[in-house]
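# Breakdown of the fold
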Amino acid sequence: MSALDVQALVYRKRDGGRIASAMRIRNVIKQVFDYAIETRLATINPAAMVATRYIGKARKRSRVLTPNEIRLYLRTVYQSNMRRQFKLALHIILLTLSRKGELLLARWEHVNFESGEWFIPEETAKTAKPHIVYMSTQVAAMFRELKALAGDSKFVLPGRSSLLKPFAGNALNKALEGLTFDMDPLTIHDLRRTGATLLTEKGFNRDVIEKALSHEAQGIRAVYIIAEYAEQRKKMLQWWADYVDSIVNESKVIVGNFGQSA
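Residues numbered from 1 in each chain as written. Predicted model: local features only at pLDDT ≥ 70, side-chain atom pairs only at ≥ 80, totals over all residues. Heavy atoms only, no water.

## Quick look at the packing of helix H4 (residues 84-96) against helix H6 (residues 137-150)
Across the interface, H4 lies against H6 with an axial gap of 10 Å and an inter-helix angle of 155 degrees. Classified by the angle between their axes, H4 and H6 sit roughly antiparallel to one another. Where H4 crosses over H6, the handedness of that crossing is left-handed. For the pair formed by H4 and H6, the contact residues are Arg84, Gln85, Leu88, His91, Ile92, Leu95 and Thr96 on the first element and Gln138, Val139, Met142, Phe143, Glu145, Leu146 and Leu149 on the second. (Axes fitted to C-alpha atoms, helices over the stretch in contact; angles between N-to-C directions. Helix = DSSP H or I, 4+ residues; strand = E, 2+ residues; numbered from the N terminus. Parallel < 35°, antiparallel > 145°, perpendicular 65-115°, else oblique. Left-handed = near helix turned anticlockwise from the far one by under 90°. Contact = heavy atoms within 4.5 Å.)

See the structure below:
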């Protein structure tokens, strides 16, 4: 392997917006050749010739999308050729502040359209405690479309090869990583952080936001979060869905018509 080979591999990741991955690949190759040189299996380390300053800086873990970036995110997702289920899932995560893993494991027996609730049982909740996500009208409509796409499967997002299993845990990550955004790269977790941050900036109660995120309060604050803030969370998530709609509609892109033919 030559320095040009390493550069081509690393730069391909970098140019796709995956700077952190590019850095990791370069460093792993460098470590391998460091060992090879130490054991006299090689005399040159090609990765050492690929300067990190030309790869870029790794993305900060505190990434929060601006309103303009939210519009660009949704437009790019819905205009892509990824599966319709993935488009809806990536939109739902933004609007509900839910976790990717909990959505991938969601079952229809836990989705109640009449009450507008998606129940997350303790066995699939990251916190190992049950949680309720209150669906906005927009999210309920997306779940209804997913219901039609799921057929007879018990899963909200059945896998491609079998209706008896959900998609793999990294399926949404790979779908998102396959897109090219005209902005800094983002991760699925950034969607939760974005919602929580913007809702805080808009003046919503911190405890209500934390409960919607299914975060467990610690210490004295836990005393004040015995109630689940059900009504406040319903109103907040409906406001958030309407707000995201208003951001998208500024560019005259109608959410309900995104990628219907895809």
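## What to know about the packing of aromatic side chains
The description of an aromatic ring pair uses the distance of the two centres, along with the angle that the planes make with each other. Counted under the stated rule, the structure contains seven aromatic pairs. Their ring planes at 65 degrees and their centres at 4.7 Å tell us that Phe86 and Phe167 sit as a pair that is edge-to-face. Of the two residues, Phe86 sits in helix H4 while Phe167 sits in the loop between H6 and helix H7 (171-177), which places them 81 residues apart along the sequence. Comparing Phe86 with Phe167 shows no difference in burial state: the two are buried. Through successive ring pairs, a cluster of aromatic residues spans Trp108, Phe113, Trp118 and Phe143. (Phe/Tyr/Trp six-rings, centres within 6.5 Å; stacked < 30°, edge-to-face > 60°. Buried < 20%, exposed > 50% of the residue type's maximum accessible area, 1.4 Å probe, protein only.)

## Here we look at the confidence of the model for the chain
Summarising the model, the chain shows a mean pLDDT of 84, and 88% of its residues fall at 70 or more. Between residues 219-227, whose pLDDT stays under 50, and residues either more than four places distant or in other chains, the model counts seven contacts. Taken as a whole, residues 251-262 scores under 50 in pLDDT and shows 22 contacts with residues more than four places along the chain or in a different chain. (pLDDT = per-residue confidence, 0-100.)

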